[in-house]
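Examining the three-dimensional arrangement
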Amino acid sequence: MAEDQKEAFYVGIHEPGEFRKELLSTCKDTIVMLKRYEIHRERRKVKAELESELTKKLKEISFLSNKLKNLFPDHKLRALPNFKHKSKKEHTEHSGQKEPRKETKKPDKNLSEIDKLERELQNIERKMSIINE
Amino acid sequence: MEKLKFTKGSPIFVRVDEYKDILDVIALIKGKITEAKTILGKLNEIKNTEDKEIEAWANEIEEVERKLHYIDRSLLEPDAF
């Protein structure tokens, strides 16, 4: 044991105080970063919850928009080119009958959510192009 | 059978009971939009905090790197006594 100590070499550190300070400071910074990461993880949980809530709201808006669309009469069934104004009596009788609603296609279960939305978008764009004609 | 065409500007008529439903649905959509906007505001706040945090992390990593470089240099290039 004593022989080992005789043969041991030592490396000199010129400013040990500064060296130790830097070493401790590095440890401190790393711990601060880890602490921040933990706070960041908690925040990400809140973010995920908010994103899920937002998705829910958007789905609700989409559902209500569809409902709104269905509440309006189907434009294909009205506005004949030779449309003539009916008398008030005729109009009241006619408006008493409920116009048939356009049946919405049931979405394919095999389609992904993106595909379903894409199909819906195409459907709306097609309808818009008919209106713009 | 003659194909019916939609003519621009032609009036459409909505049944009164359905008109009330429409107003209700519109009010509901408005409420949902307000709620969605509130959530979006919160998400934006989180995003801004995250952006600042990432910037702070990058600065801290650089600081740790600088300190480690000093330690490394002190150990590998010891001053002669």
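For the structure itself, consult the block above.
Residues numbered from 1 in each chain as written. Chains lettered and ligands numbered in written order. Predicted model: local features only at pLDDT ≥ 70, side-chain atom pairs only at ≥ 80, totals over all residues. Heavy atoms only, no water.

**Concerning the pattern of salt bridges**
Taken as a whole and judged by the stated rule, the model has eleven salt bridges over all chains. Across the salt bridge formed by B:Glu50 and A:Lys47, the nearest N and O atoms sit 3.1 Å from each other. Of this pair, B:Glu50 sits in helix α1 (residues 16-76) while A:Lys47 sits in helix α2 (residues 16-71), each in a different chain. A residue is classified by how much of its surface remains accessible, and B:Glu50, at 9% relative accessible area, is buried. Look at A:Lys47 and you get partly exposed, because its relative accessible area is 21%. In this structure, the salt-bridge partner of B:Lys32 is A:Glu60, at a minimum N-O distance of 2.9 Å. With B:Lys32 in helix α1 and A:Glu60 in helix α2, this residue pair bridges two chains. Looking at B:Lys32, the relative accessible area reads 18%, which means it is buried. The network of salt bridges with common partners includes A:Lys57, A:Glu60, B:Lys32 and B:Glu35. (Salt bridge = Lys/Arg side-chain N within 4 Å of Asp/Glu carboxyl O. Helix = DSSP H or I, 4+ residues; strand = E, 2+ residues; numbered from the N terminus. Buried < 20%, exposed > 50% of the residue type's maximum accessible area, 1.4 Å probe, protein only.)

**Describing the side chain of B:Glu53**
Within the element layout of this structure, B:Glu53 appears in helix α1. The class for B:Glu53 is buried, based on a relative accessible area of 11%. Only 2.8 Å separates the side chain of B:Glu53 from the side chain of A:Arg43, close enough to count as a polar contact. If we skip the residues at most four places from it in the chain, B:Glu53 touches A:Arg36, A:His40 and A:Arg43. (Polar contact = N/O pair within 3.5 Å; in protein donor to acceptor, adjacent residues only side chain to side chain. Contact = heavy atoms within 4.5 Å.)

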